[in-house]
Amino acid sequence: MTKSSIAATGRGYLAIPGPSVMPDAVLQAMHRPSPNIYAGELIDMMPDLTRDLRRVARTDHQVAIYIGNGHAAWEAALSNTLAPGDKVLVPATGHFGMGWADMAAGLGVDPQVLDFGKQSPMDMQRVADALEADKFHEIKAVLAVHVDTSSSVRNDIAALRGVLDAAGHPALLMADCIASLGCDAFEMDAWGVDVMVTACQKGLMVPAGVSFVFFNDRAAAVRAKMPRVSRYWDWVPRANPDGFWQYFGGTAPTHHLYGLRAALDMLMAEGMDAVWARHDLLARAIWAACDAWSKDGALSLNVADAGDRSRAVTSLYLENGGGTALRDWLETHLDLTLGIGLGMGDDGARTSDGYFRLGHMGHVNGHMIMGLLGGMETGMRALDIPHGPGALEAAADVISKG
Ligand SMILES: *Cc1c(COP(=O)(O)O)cnc(C)c1O
């Protein structure tokens, strides 16, 4: 894009909710010739790599790696556990919940969607009622998106496990943590999640192209009873390979593995609790700024209750198509790129071009978030978008007390 402003030259900032900002350490780790895939360091690094992936997911169970994006992990998880004609329950809180349900339908699985809209988390009572109504346990899995990246709604996955247990329902609990892993606190084993899918280009800070399916013993038992699983999606050889190639069903994603190793080193050095605390602090700074701007202003946070919000992405609305106008201005004049209002349609008085999103996942720190917020303030001034005062002070206050 040609820059029409004297303030645009310098390091750009991609503040979209995936792909996220790539650390220099990840870029440098990937900048090398192709390695030998039959012997040597690439093969030797796999045990530690899968161990550290499990540490990030807080699980002692298994992980299968796929060369593919998050959609691939969705399909892999479904392909290993569900046969055509099986039913799944999908409590959806945005575009991605609907997308996973649609992926299931494409495989001949019958999704029962509970649509909770795009501004609030799943209502556990309605989920409980749906499970209670399923007397013959025809629902084989509950597909739950932890953080729906379109709406920025965060769901309480531990509470969802509680609902399944209270109903005595045997359905597998599957969680999409593509936007949340490495950002929002997540505990696969402690929360009783049977299958978890994620991808590398959000909290894991690696360019898009590799995704993961974590599964526990309950899910493995379901897989073992499947009449047929496609060879390529089958998680059994990927999680327990006899040969190196089986991790990936073919040639390894060599450079992604080096990048992922560097990213996991960063996460392990910081510590997952500190990683989560950083995302929480920066998210609270963003919300404080947005609260200030929304007073007498045109801006509003999509999710009203802070307890229901993601720490990785924030969906916002600006009246009069202001979301698109602000994004365009910031990209052109500051080389600051915000996320589009994905899957947020024209509803009631609101138009889709009013929606936009801030990505604050992965390799982000306090000065970047203050820069992001300062950029937004600058753009709103330039475009005469009404906004309340004191936003940057409010954000600085949050971070300074962090
Ligand atoms: C990004 C995302 C996806 C889709 O991942 P792709 O890598 O784009 O296929 C699915 N679910 C959630 C929650 C996401 O954030």
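Trainee: Would you take a moment to explain the overall build of the chain for this structure?
Mentor: Along the backbone of the chain there are 14 helices and 14 strands. In terms of C-alpha radius of gyration, the chain reaches 21 Å, essentially the compact-globule figure of 21 Å for 402 residues. Along the three orthogonal principal directions, the C-alpha set of the chain runs to about 60 × 55 × 40 Å. Burial statistics for the chain: of 402 residues in total, 55% are counted as buried. In the chain, once contacts between residues fewer than 6 apart in sequence are set aside, the share between residues at least 24 apart is 73%.

Trainee: I tried to follow the side chain of Asn216 on my own but got confused; where do I start?
Mentor: Note on placement: Asn216 falls in the loop between strand S10 (210-215) and helix H8 (217-224). A polar contact is formed between the side chain of Asn216 and the backbone oxygen of Val193, at a distance of 3.4 Å. Polar contacts involving the side chain of Asn216 include one to the main-chain amide nitrogen of Arg218, which spans 3.1 Å. Aside from chain neighbours lying at most four places away, what touches Asn216 is His61, Met188, Val193 and Asp194.

Trainee: In this structure, what is going on with the site of the ligand? I would like to understand it.
Mentor: In the neighbourhood of the ligand, 13 residues make up the surrounding shell, with His71, Thr149, Asp176, Gln201 and Lys202 lying closest. Note that an oxygen atom of the ligand is positioned 2.7 Å from one of the backbone N or O atoms of Gly70. Note that an oxygen atom of the ligand is positioned 2.7 Å from one of the side-chain N or O atoms of Gln201. Among the residues forming the shell around the ligand, the class breakdown is six nonpolar, five polar and two charged.

Trainee: Looking at this model, I keep getting lost on the pattern of salt bridges. Mind explaining?
Mentor: It is possible for side chains of opposite charge to pair when their charged atoms get near one another. Following the criterion strictly, the structure yields 20 salt bridges and no others. Ionic pairing is found between Asp24 and Arg11, a salt bridge with its closest N-O pair at 3.8 Å. With Asp24 in helix H1 (residues 24-30) and Arg11 in the segment before strand S1 (13-15), the pair connects residues that are 13 residues apart, well separated along the chain. Of the charged contacts, one joins Arg161 and Asp194 as a salt bridge, the two residues approaching to 2.9 Å between their closest N and O atoms. One end of the pair, Arg161, is in helix H7 (residues 157-167); the other, Asp194, is in the loop between strand S8 (172-176) and strand S9 (195-199), with 33 residues separating them in the sequence. Pair check on accessibility: Arg161 and Asp194 agree, each one buried. Beyond isolated ion pairs, a larger network of salt bridges with shared partners links Asp48, Arg51, Asp52, Arg55, Arg261 and Asp265.

Trainee: Could you clarify how one ought to interpret the side chain of Thr81 in this entry?
Mentor: Positionally, Thr81 belongs in helix H4 (residues 70-81). Only 2.8 Å separates the side chain of Thr81 from the backbone oxygen of Ala77, close enough to count as a polar contact. What Thr81 contacts, discounting residues up to four positions off in sequence, is Asp86, Leu172, Met174, Val222, Met226 and Trp235.

Quick notes on the rules
Here the residue numbering is sequential within each chain, running from 1 through the sequence in written order. Whole-chain, interface and lining totals are the exception, using all residues; otherwise, since this is a predicted model, local features are given only for residues with pLDDT of at least 70 and side-chain atom pairs are given and counted only at 80 or more. In computing side-chain values, all of the structure's heavy atoms are included and hydrogens and water are not. Secondary structure elements follow DSSP: runs of H or I of four or more residues count as helices, runs of E of two or more count as strands, with numbering from the N terminus. Within these notes, the globule rule equals 2.2 Å times the number of residues to the 0.38 power, and the radius of gyration is based on C-alpha atoms. Three labels apply to residues, based on accessible area from a 1.4 Å probe with only protein chains included: buried if under 20% of the type maximum, exposed if over 50%, partly exposed otherwise in between. For this analysis, residues touch if any pair of their heavy atoms sits within 4.5 Å. Within 3.5 Å is the distance limit for a polar contact, defined as a pair of N or O atoms, with the added protein rule that one can donate a hydrogen and the other accept it, and that residues adjacent in sequence qualify only through two side-chain atoms. Here a residue is considered near a molecule or strand provided that any single heavy atom belonging to it is located within 4 Å of it. Each residue is assigned to one class: nonpolar for Ala, Val, Leu, Ile, Met, Phe, Trp, Tyr, Cys and Pro, charged for Asp, Glu, Lys and Arg, and polar for all the others, Gly among them. The rule for a salt bridge is simple: a side-chain nitrogen of Lys or Arg has to be within 4 Å of a carboxyl oxygen of Asp or Glu.

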